[in-house]
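# Architecture and fold: a report
One-letter residues, chain by chain:
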Amino acid sequence: ELPDLVLMDVQMPVMNGLEATVLIRGLPGASGMPIIALTAANVKEDHEKCLKAGMNDFITKPFVEETIHGIFSRYLSLEDPENIGKGKGV
């Protein structure tokens, strides 16, 4: 089963978040799953690389609770608890 949303660290050892996103997008049913970049970098080029790799949005670290809540509200159907965990958040 695929998750409803992925928070993807961009700078990981072995495989970075950009590479991982490309692989995830190749999985059956993963094309519409929201993948949100988490990174300490806050330059336009990094944002563009994340979007080009297939991520849907971009959050810079450190982030605050309101930022995460905004992402969840944008990409998940929080109003209907029946949808949470069923892939209906996009």
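Preceding this paragraph is the structure being described.
The structure reproduced in this document is the subject of the present report. (Residues numbered from 1 in each chain as written. Predicted model: local features only at pLDDT ≥ 70, side-chain atom pairs only at ≥ 80, totals over all residues. Heavy atoms only, no water.)

### Quick word on the nonpolar core
What counts here: Take the buried residues of types Ala, Val, Leu, Ile, Met, Phe, Trp, Tyr and Cys, join any two whose side-chain atoms come within 4.5 Å, and each joined set is a nonpolar core. Working definition: with a 1.4 Å probe on protein chains only, accessible area under 20% of the residue-type maximum means buried, over 50% means exposed, and in between means partly exposed. Counting from the N terminus, the helices are the DSSP runs of H or I reaching at least four residues and the strands are the DSSP runs of E reaching at least two. Any two residues having at least one pair of non-hydrogen atoms within 4.5 Å are treated as being in contact.
One finds Val6, Met8, Val10, Ala20, Ile24, Ala30, Met33, Ile35, Ala37, Cys50, Met55 and Phe58 forming the largest nonpolar core, which totals twelve residues. Elements with a contribution of two residues or more to this core: β1 (6-9), α1 (17-25) and β2 (35-39). Filtering out sequence-adjacent residues up to four positions away, Val6 remains in contact with Met33, Pro34, Ile35 and Ile36. Judged by nonpolar contacts, the second largest core, of eight residues, contains Leu5, Ile36, Ile68 and Leu76.

### Remarks on the side chain of Thr21
Condition: Polar contacts, as counted here, are pairs of nitrogen or oxygen atoms within 3.5 Å of one another; within protein the pair requires one atom able to donate a hydrogen and one able to accept it, and residues that are adjacent in sequence qualify only if both atoms are side-chain atoms.
Along the chain, Thr21 turns up in helix α1. Looking at Thr21, the relative accessible area reads 0%, which means it is buried. There is a polar contact of 2.7 Å between the side chain of Thr21 and the backbone oxygen of Gly17. Excluding residues that lie within four positions of it along the chain, Thr21 makes contacts with Met8, Ile35, Ala53, Gly54 and Met55.

### Description of the sheet that holds β2
Where we set the bar: Any two strands with at least two DSSP-identified bridges between them are counted as paired. To define axes, lines are fitted to C-alpha atoms, for helices over the stretch in contact only, and angles between the resulting N-to-C directions are given on a 0 to 180 degree scale.
Strand order in the open sheet formed by three strands is β1-β2-β3, with parallel pairing between adjacent strands. Sheet topology places β1 and β3 (57-60) at the edges, where each strand pairs with a single neighbour. In this sheet, adjacent strand axes meet at a mean angle of 30° when their direction is disregarded. Sheet contacts for helix α3 (residues 65-75): β2 and β3; angle to β3, the most-contacted strand, approximately 170°.

### Examining the pairing of β3
Using the following cut-off: When the strands point away from the viewer and the path from the first strand over the helix to the second turns clockwise, the crossover is right-handed.
Of the strand pairs in this sheet, β2 and β3 are connected by four bridges, and their pairing is parallel. Looking at the pairing, Leu38 lines up with Ile59 of β3. In this fold, the crossover linking β2 to β3 by way of helix α2 (residues 44-53) has right-handed handedness.

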